[in-house]
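The lines below spell out each chain.
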Amino acid sequence: MINKDKIKKFRDLRTPFYYYDLEVLNNTLSTLRKESEKHGYIVHYAVKSNANPRILQIISSYGFGADCVSWNEIDAALKAGFDPSRIVFAGVGKSDLEISNALKAGIFCFNCESIPEIEVIDDLAQSLGTIARIALRINPLVEAHTHKYITTGIEESKFGIHTWELDNVMNRLTELKNTELIGMHFHIGSQITKLSVFQSLCTHINELNEWFSSRGRELKIINVGGGLGIDYENPETYPMFSEYINLLHEFLDLKAGQELHMEPGRAVTGQCGSLISKVLYVKNGSNTLFAIIDAGMTDLIRPALYQAHHKIENLTSRGDLYRYDVVGPICESSDTFAKFIELPETKRGDIVAIRSAGAYGEVMASRYNLRELPAAVFSDEV
Ligand SMILES: *Cc1c(COP(=O)(O)O)cnc(C)c1O
């Protein structure tokens, strides 16, 4: 909770900064642990959503694994106490150096997206005298029997291996001696709030599971990826872990000995973070009032990049409601956080909170316009 005491202290801090509410983070993590443990599911936190060292340490202290998309993320996860045997490495473009480093670190599994990538991993594993455990990231958007969609799939997505390629992949794997196929992996998108989407994913996974076992391959790991959304309209709400995990339990037909893994990112870190900023100027436009704040798209790029919506609150005004466009100081028109939103009368010096900014916020900050990177402030520090 951002109470009066906190707001008073915010006034003395250099803005903008990310404010992390540890109570929200810990509540989120304990719910996720409780719900996943019910069924023995294994969680790999998607580090790319927030790689702040303290956040990583807190998440690792719950015993979760990590889902990483670069060597630097693996390195950060290791430094934060994640166990290498619980780290998975995803991404369409893993470099040779990243693969070698990950092999040397003894990570659990490479989630692979193409035959050429698997060949390089095999090669590097051989030169290091080791065996790489791999899972295939399969692109479930493609219905193997619908030719039209296959074509669309090829054109649209750089991610994953198409189902029609699986025969080739399996054949190639029999020739590779330093890779061991242990699982299949999926990641169908992000900010998914309709749980029925995950139900379709389950149906697809069940079919593939049958396909592998009909070829005498029992894969130990089924990794459903991440993507569970959060409610950006209602920053106080928690993600639907219980509904999500129950749905997986109900609709996935796991075979004996198969483990279910998942990789939530946004759902873990989204609601614990707010971007705190000060109003610099209020300026009259021809049809609107601009509230120009000292945070910009360099601090939180989601609205500019994906037209994402974040709830914005003026923490220091209780005046009458007016309509504002809330914009940043960066020299780009897309540097707009919200258009025509209602805020209590806003003036220079007011403190605003851009809510639900814990995921894909601080971690995507840049120094464009040579701005300072935003600081991180934790609720037990102020
Ligand atoms: C980004 C990503 C995730 C996390 O996605 P969220 O939508 O933040 O849950 C999980 N797995 C993979 C492979 C990813 O690329």
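The shown structure was predicted, so the numbers you read here are calculated from the model rather than taken from an experiment.

**Comments concerning the site of the ligand**
Residues in close proximity to the ligand total 14 residues, the closest being Lys48, Ser190, Glu263, Arg266 and Tyr360. For the ligand, a nitrogen atom lies 3.1 Å from a polar atom in the side chain of Asp67. Tyr360 has a polar side-chain atom sitting 2.6 Å from an oxygen atom of the ligand. Within the complex, the protein chains bury 94% of what would otherwise be the 390 Å² of accessible surface of the ligand. Grouping the constituent residues of the shell around the ligand by class yields 4 nonpolar, 6 polar and 4 charged.

**As for the confidence of the model for the protein chain**
Residues at a pLDDT of 70 or more form 96% of the protein chain, whose mean pLDDT is 94. Confidence drops under a pLDDT of 50 for residues 142-154, and excluding neighbours within four residues, the segment shows 14 contacts in the predicted structure.

**Topic: helix H3 (residues 53-60)**
Those residues of H3 not exposed but buried are Ile55, Leu56, Ile58, Ile59 and Ser60. Each element contacted by the buried residues of H3 is listed here: strand S1 (17-20), helix H2 (22-38), strand S2 (42-46), helix H4 (71-79), helix H11 (266-269) and strand S16 (375-378).

**Some remarks on the pattern of salt bridges**
Side-chain pairs of opposite charge can arise whenever the charged atoms involved come near each other. For the structure shown, the criterion picks out 17 salt bridges. Here Lys34 makes a salt bridge to Glu35, at a shortest N to O gap of 4.0 Å. Lys34 gets classed as exposed once you look at its relative accessible area, which sits at 51%. Across the pair Arg371 and Asp299 runs a salt bridge, and its minimum N-O distance is 2.8 Å. Taken together, the residues Arg371 in the loop between strand S15 (351-354) and S16 and Asp299 in the loop between strand S11 (289-293) and helix H12 (302-306) connect sequence positions 72 residues apart. Across this residue pair, the class does not change: Arg371 and Asp299 are buried. What you see here is one network of salt bridges that share partners, running through Glu236, Lys311, Glu313 and Arg355.

**Quick look at the packing of helix H5 (residues 96-105) against helix H6 (residues 115-127)**
Across the interface, H5 lies against H6 with an axial gap of 10 Å and an inter-helix angle of 50°. In terms of orientation, H5 and H6 fall into the oblique class. For H5 against H6, the interelement crossing comes out right-handed. Within the contact between the two elements, H5 uses Asp96, Ile99, Ser100 and Leu103 and H6 uses Val120, Ile121, Leu124 and Ala125. Among the residues making up the contact of H5 with H6, the classes are represented as 6 nonpolar, 1 polar and 1 charged.

**Some details on the side chain of Glu113**
Inspection of the secondary structure puts Glu113 in the loop between strand S5 (109-112) and H6. Contacts of Glu113, omitting those with residues within four sequence positions, involve Gly91, Val92, Arg137, Lys158, Phe159, Gly160 and Ile161.

**Let's talk about the nonpolar core**
The tendency in soluble globular proteins is for nonpolar side chains to be buried as a group. In this structure, Phe110 and Leu136 are the most contacted members of the largest nonpolar core, which totals 89 residues. Counting residues per element, this core draws most heavily on helix H9 (residues 195-214), at 7 residues. Two domains each provide a minimum of three residues to this core, namely domain 1 (4-17 + 271-378) and domain 2 (22-268). Leave out the neighbours within four places in its chain, and Phe110 touches Phe89, Lys94, Ile99, Ala102, Leu103, Ile121, Ala132, Arg133, Ile134 and Ala135.

**A short note on the pairing of S15**
Burial along S15 is two-sided: the residues Ile351 and Ala353 and Val352 and Ile354 are all buried. Taken together, the 4 bridges between strand S10 (residues 273-284) and S15 define a ladder with antiparallel strand orientation. Bridging from a neighbouring strand, Ile276 pairs with Ala353 of S15. Direction of pairing for strand S12 (residues 312-314) relative to S15: antiparallel, over a ladder of 3 bridges. Bridge pairing links Glu313 to Ala353 in S15.

Thresholds applied
- Residues numbered from 1 in each chain as written.
- Predicted model: local features only at pLDDT ≥ 70, side-chain atom pairs only at ≥ 80, totals over all residues.
- Heavy atoms only, no water.
- Near = heavy atom within 4 Å.
- Polar contact = N/O pair within 3.5 Å; in protein donor to acceptor, adjacent residues only side chain to side chain.
- Areas by Shrake-Rupley, 256 points an atom, 1.4 Å probe, with all protein chains shown as cover.
- Nonpolar A, V, L, I, M, F, W, Y, C, P; charged D, E, K, R; others polar.
- pLDDT = per-residue confidence, 0-100.
- Contact = heavy atoms within 4.5 Å.
- Buried < 20%, exposed > 50% of the residue type's maximum accessible area, 1.4 Å probe, protein only.
- Helix = DSSP H or I, 4+ residues; strand = E, 2+ residues; numbered from the N terminus.
- Salt bridge = Lys/Arg side-chain N within 4 Å of Asp/Glu carboxyl O.
- Axes fitted to C-alpha atoms, helices over the stretch in contact; angles between N-to-C directions.
- Parallel < 35°, antiparallel > 145°, perpendicular 65-115°, else oblique.
- Left-handed = near helix turned anticlockwise from the far one by under 90°.
- Core = buried A, V, L, I, M, F, W, Y, C linked by side-chain atoms within 4.5 Å.
- Domains from an automatic or database assignment.
- Pairing = 2+ DSSP bridges.

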